[in-house]
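Chain residues, written in single-letter form:
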Amino acid sequence: MPPASRSNLYIGCAGWSLPSATRSLFGEGESMLARYATRFNATEINSSFHRPHRRDTYVRWAASVPARFRFSVKLPRTITHDARLRGIARELDRFAGEVDGLGRKFAVLLVQLPPSLPFEARTATTFFAMLRRRFDVGIACEARHASWFTPRAEELWQRHGIARVAADPPVPDGASRDPGGDARMRYWRWHGSPRVYYSAYDDAALRTLADGVNGHRGMRWVIFDNTAHGHAATDALRLQSMLDEAPTANSSSKKRRTT
């Protein structure tokens, strides 16, 4: 199978902080986000998980990046961890009003569930239906309890059009290593291994990831979250280079037509 087109591929980091040692790899810009966007076409806003941002802040971030740049935004922990998906209509409305400031550059809503939260069909169905009524974007969910990796949960992902995140290190027992759910979008979150948030990835791991990314045809997001020692940016750049080395599906077809 030839690699997929790059037009629906988004690679970036959790946040856009650039360690001083790597800033020379990026172009100039009026802000760190603007510099980050000279090399990447996407980022994951994680700060929204910890605290709310004003709508004007999202508007400013959207204005700092090129037209084709896209944002993934993490749902607040008050919804996923504190309320555990219940009784969250007012909080969802507040968040939706804030993140609307990104406009068309808001592409994905990221939901990260706590490891202690088991799958409960009624709660999950109500929750994802509420998200779908409020957000006309891709939705990716990182589940971390074993009960979410079952045929019944997979049916729910499919029914509501939710992409299940492929996480590294995988939990539980390797079940989250591969993406699942709605095949129209695949979403990888690599947190650093063996030391979460700190470790860089070697070439073998990144080539395995590149092969997995090339095996899908829908929208694909790859986010590196190993930011503690600044490896996220360099790992993302290395993955970009590996994918650029391989011919795209379009270039392969052109080559066949000219031979």
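In the block above lies the structure referred to throughout.
Numbering of residues starts from 1 in every chain and runs along the sequence as written. Per-residue local features are limited, in this predicted model, to residues with pLDDT of at least 70; the limit for side-chain atom pairs, both in listing and counting, is 80 or more; totals at the level of whole chains, interfaces and linings are taken over all residues. To obtain the side-chain values, all non-hydrogen atoms of the structure were used and water was disregarded.

Asker: What should I look at first to understand the overall build of the protein chain in this one?
Answerer: Numbering of helices and strands starts at the N terminus; helices are DSSP runs of H or I of at least 4 residues and strands are runs of E of at least 2. A tally of helices and strands in the protein chain yields 10 helices and 10 strands. Its C-alpha atoms put the protein chain at 55 × 45 × 40 Å along the principal axes. Long-range contacts, defined here as pairs at least 24 residues apart, represent 73% of the contacts in the protein chain between residues at least 6 apart. Surface exposure here means Shrake-Rupley accessible area, sampled with a 1.4 Å probe, where a residue is shielded only by the protein chains that are shown. Accessible area of the protein chain: about 12300 Å², with a carbon and sulfur share of 50%. For the protein chain, the distance from the average site of its 39 positive side-chain charges to the average site of its 25 negative ones is 4 Å. Contacts were defined at the residue level, with two residues in contact if any of their heavy atoms lie within 4.5 Å. Within this scheme the basic residues Lys and Arg register as positive and the acidic residues Asp and Glu register as negative, but His and the chain ends are omitted. To locate a charge, take atom NZ for lysine, CZ for arginine, CG for aspartate or CD for glutamate.

Asker: Can you walk me through the nonpolar core in this structure?
Answerer: One broad rule of soluble globular proteins: the nonpolar side chains tend to lie buried together. Buried Ala, Val, Leu, Ile, Met, Phe, Trp, Tyr and Cys residues that are joined via side-chain atoms within 4.5 Å together make up what is termed a nonpolar core. When a residue's accessible area, from a 1.4 Å probe over protein chains only, is under 20% of the maximum for its type it is buried; when over 50% it is exposed; and in between it is partly exposed. Judged by nonpolar contacts, the single largest core of 67 residues is most densely connected at F71, L109, F128, L131, F135 and F224. Broken down by element, this core gets its largest block of residues, seven residues, from helix 9 (residues 231-245). Dropping the residues within four chain positions of it, F224 is found in contact with G12, C13, A14, W190, Y201, L206, L209, A232, D235, A236 and L239. Ranked by size, the runner-up nonpolar core spans 14 residues in total, among them Y10, A107, A140 and M185.

Asker: When you look at a nonpolar patch on the surface in this model, what are you seeing that I'm missing?
Answerer: Patch definition: residues above 30% relative accessible area lacking any salt bridge, with like charges linked at up to 9 Å and the nonpolar side chains Val, Leu, Ile, Met, Phe, Trp and Tyr linked at up to 5 Å. Should a side-chain nitrogen of Lys or Arg be within 4 Å of a carboxyl oxygen of Asp or Glu, the pair is scored as a salt bridge. Where nonpolar side chains cluster on the molecular surface, the patch consists of V196, Y197 and Y198 and spans about 240 Å² of accessible area. Mapped onto the elements of the fold, Y198 is located in the loop between strand 9 (185-190) and helix 8 (203-214). Classification of Y198 as partly exposed rests on a relative accessible area of 30%.

Asker: Explain the packing of aromatic side chains here, please?
Answerer: When we look at a pair of aromatic rings, we describe it by the centre distance and by the angle of the planes. Classification of ring pairs uses Phe, Tyr and Trp, with its six-membered ring standing for Trp, and accepts pairs whose centres are within 6.5 Å; under 30 degrees between planes counts as stacked, over 60 as edge-to-face, and the remaining range as tilted. One pass over the structure, following the stated rule, counts 17 aromatic pairs. Look at Y10 and W221: their rings are 5.3 Å apart centre to centre, the planes differ by 25°, and that puts the pair in the stacked class. One end of the pair, Y10, is in strand 1 (residues 9-14); the other, W221, is in strand 10 (residues 219-224), with 211 residues separating them in the sequence. We classify Y10 as buried; its relative accessible area is 12%. Geometrically, the ring pair formed by F128 and W157 is edge-to-face, given 5.6 Å between the ring centres and 70° between the ring planes. With F128 in helix 6 (residues 121-134) and W157 in helix 7 (residues 151-160), this residue pair connects regions lying 29 residues apart in the sequence. A single burial state applies to F128 and to W157, both of which are buried. Through pairs of rings, three or more aromatic residues link up here, namely F26, Y36, F40, F69 and F71.

Asker: Before we go on, may I ask you to explain the pairing of strand 1 in this structure?
Answerer: The side chains of a regular strand alternate between the sheet's two faces. Summarising burial for strand 1: six of the six residues are buried, a large majority. Examined bridge by bridge, strand 1 and strand 10 share five bridges and lie parallel to one another. Paired with I11 across the strands is V222, a residue of strand 10. In this analysis, strands are considered paired if DSSP registers two or more bridges between them. The pairing of strand 1 with strand 2 (residues 42-45) spans three bridges and is parallel. Within strand 2, the position partnered with C13 by the bridge is T43.

Asker: How do you make sense of the pairing of strand 3 (residues 70-74) when you look at a structure like this?
Answerer: The buried fraction of strand 3 is high, at five of five residues. The two faces of strand 3 match: R70, S72 and K74 on one face and F71 and V73 on the other face are all buried. The sheet contact formed by strand 2 and strand 3 spans four bridges and is parallel. The residue bridging I45 from the neighbouring strand is V73, located in strand 3. Here four bridges tie strand 3 to strand 4 (residues 106-112), and the two strands are oriented parallel to one another.

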